[in-house]
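Here's the letter readout for the chains.
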Amino acid sequence: MKRIDTLVIGGGQAGLAMSRCLSDRAVDHVVLERGLVAQRWRSERWDSLRLLTPNWQTRLPGFRYEGPEPDGYMSMAQVVAFFERYAASFAAPIELDTTVLAVERAGTHFQVRTSRDTWLARHVVIATGFSDLPFVPPLARHLSPRIVQIVPTKYRNPDQLPPGGVLVVGASATGVQLADEIRASGRPVTLAVGRHQRLPRTYRGRDILWWLDAMGAFDATPENVVNINTSRHQPSLQLVGRSDLRSLDVAVLQRRGVRVLGRLLGAEYERAWFDDDLVATTSASDVKLVEVLQRIDEFISSAAVGAVEPAERFEPTWPSALEIGQTTVDLQIDGIDTVVWATGFTRRYPWLRVPVFDERGEIRHRGGITPVSGLFVLGMHFQRRRKSAFIDGVGDDAAFLSDQIVSGASFDAAAAS
Ligand SMILES: Cc1cc2nc3c(=O)[nH]c(=O)nc-3n(C[C@H](O)[C@H](O)[C@H](O)COP(=O)(O)OP(=O)(O)OC[C@H]3O[C@@H](n4cnc5c(N)ncnc54)[C@H](O)[C@@H]3O)c2cc1C
């Protein structure tokens, strides 16, 4: 059995950031990755995807984007190359093609069985990703077998889909991007819209994320928000990273010929029914949009940000009377042959044989420190800050957890702090 102080499971941005911070603190550690560095960016993303965060926001401990296009958005090949350079920059001790099969308590240590070796470690950091498995609602089981169902991690491009109409379920970043791309391929597209957040790509001459970053919006802690559970379940922002800097939201999709309906409530064979909440969800998103723009305007008035373009307000989203009224669809009659589930992600840890789960199967933790001494988790949504699951945010949490590992953190102390 191999012995080590700390094992990090997962070689994505979280695992690499953790490795960099542990290296900086001279903690003996190894990163175990079942595939290659940044595996999910290689094999679980669609062909046209670009980061929706601008290049300048690709910042990790000791490493950042320093190329010629700080305002551009990386393609997947560029993201993978970036993370490979990051791992090489500090010679990350990473074992590739090594799947963790079991993590068990062994006295004060953990026994970690992998597809290659068995390890005994004092600390284990789980960095296997917040976006682990696509969430598909149970109602999917009731759909006619005629209909092809696909999740974003398996979707590559429209050519892979049958020729007919497509129902995209979910209108966060993934749903709006896929609806847009599939519509552009000439297929009729219906978008089932639940809670969502619309944002323009640019505002007053700068990327919208530049403003949110400058205002500290991504640094919000659980104490700064009204309800952390609500904040943790907020849908991702309706944004796309494109060189033409265009916005992508429900209103834009309507103009491109996408039929928008309310939240998908149920399905039985060829019938699907939708909530009549389209006016409510689009209005809520429009109201929130105005609030965000007002906050930016106030920030501009109070801070020295240099020359900016004039304030702007955007047309509200107007679902057509037809769309508002339509709450049931016969998928066959409407020619819908494919359903794309852009309904978020869930996480499963069948290999983690330690009593650390809550009633929903999520790892219990405070800022990444679990109640099991020596066990940590990294990369969770809003782990310590709003930005925790982003490339730009995971570094702070990795530094924090590395300090906890060095100092011997406890869950109760994390609660008190
Ligand atoms: C479609 C999409 C677009 C996104 N766009 C952006 C963006 O533009 N900007 C941004 O900042 N964030 C973005 N994110 C959010 C976030 O940056 C990504 O989800 C990112 O992949 C999270 O990195 P991670 O290291 O936490 O997890 P992951 O990238 O999921 O890495 C986890 C690693 O663990 C490995 N692993 C899992 N199980 C095991 C096991 N049992 N044994 C060994 N290894 C294992 C996996 O192979 C994987 O490499 C996006 C997310 C998605 C889903």
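Note that the structure is predicted; figures quoted are calculated from it, not measured. (Residues numbered from 1 in each chain as written. Predicted model: local features only at pLDDT ≥ 70, side-chain atom pairs only at ≥ 80, totals over all residues. Heavy atoms only, no water.)

**Q** What should I look at first to understand the sheet that holds strand S20 (residues 328-330) in this one?
**A** Hydrogen bonds along the backbone pair up the strands of a sheet, which may run parallel or antiparallel. Spatially, the three strands line up as an open sheet ordered S18-S19-S20, and their pairing is antiparallel. Looking at strand neighbours, the two that pair on one side only are strand S18 (264-268) and S20, the edges of this open sheet. The sheet shows a mean angle of 20 degrees between the axes of neighbouring strands, taken without regard to direction. Pairing between S18 and strand S19 (residues 271-274): four bridges, direction antiparallel. Opposite Gly266, over in S19, you have Trp273 as the bridge partner. (Pairing = 2+ DSSP bridges. Helix = DSSP H or I, 4+ residues; strand = E, 2+ residues; numbered from the N terminus. Axes fitted to C-alpha atoms, helices over the stretch in contact; angles between N-to-C directions.)

**Q** Help me understand the site of the ligand in this model?
**A** Every one of the 29 residues lining the ligand counts as a neighbour, but Glu33, Arg40, Leu52, Thr53 and Ile391 are closest to it. Measuring from an oxygen atom of the ligand, one finds a side-chain N or O atom of Glu33 at 2.7 Å. Here the ligand, which alone exposes 990 Å², has 93% of that area covered by the protein. The set of elements that each furnish at least two residues to the shell around the ligand consists of helix H1 (13-24) and helix H2 (39-43). The element that contributes the greatest number of residues to the shell around the ligand is H2, accounting for three residues. A per-class count over the shell around the ligand returns 14 nonpolar, 11 polar and four charged. (Near = heavy atom within 4 Å. Polar contact = N/O pair within 3.5 Å; in protein donor to acceptor, adjacent residues only side chain to side chain. Areas by Shrake-Rupley, 256 points an atom, 1.4 Å probe, with all protein chains shown as cover. Nonpolar A, V, L, I, M, F, W, Y, C, P; charged D, E, K, R; others polar.)

**Q** Before we go on, may I ask you to explain the side chain of Thr282 in this structure?
**A** Looking at the element boundaries, Thr282 is found in helix H8 (residues 278-302). Judged by its relative accessible area of 1%, Thr282 falls in the buried class. A polar side-chain atom of Thr282 sits 2.6 Å from the main-chain carbonyl oxygen of Leu278. Apart from residues no more than four positions distant in its own chain, Thr282 is found in contact with His196, Val250, Thr317 and Pro319. (Buried < 20%, exposed > 50% of the residue type's maximum accessible area, 1.4 Å probe, protein only. Contact = heavy atoms within 4.5 Å.)

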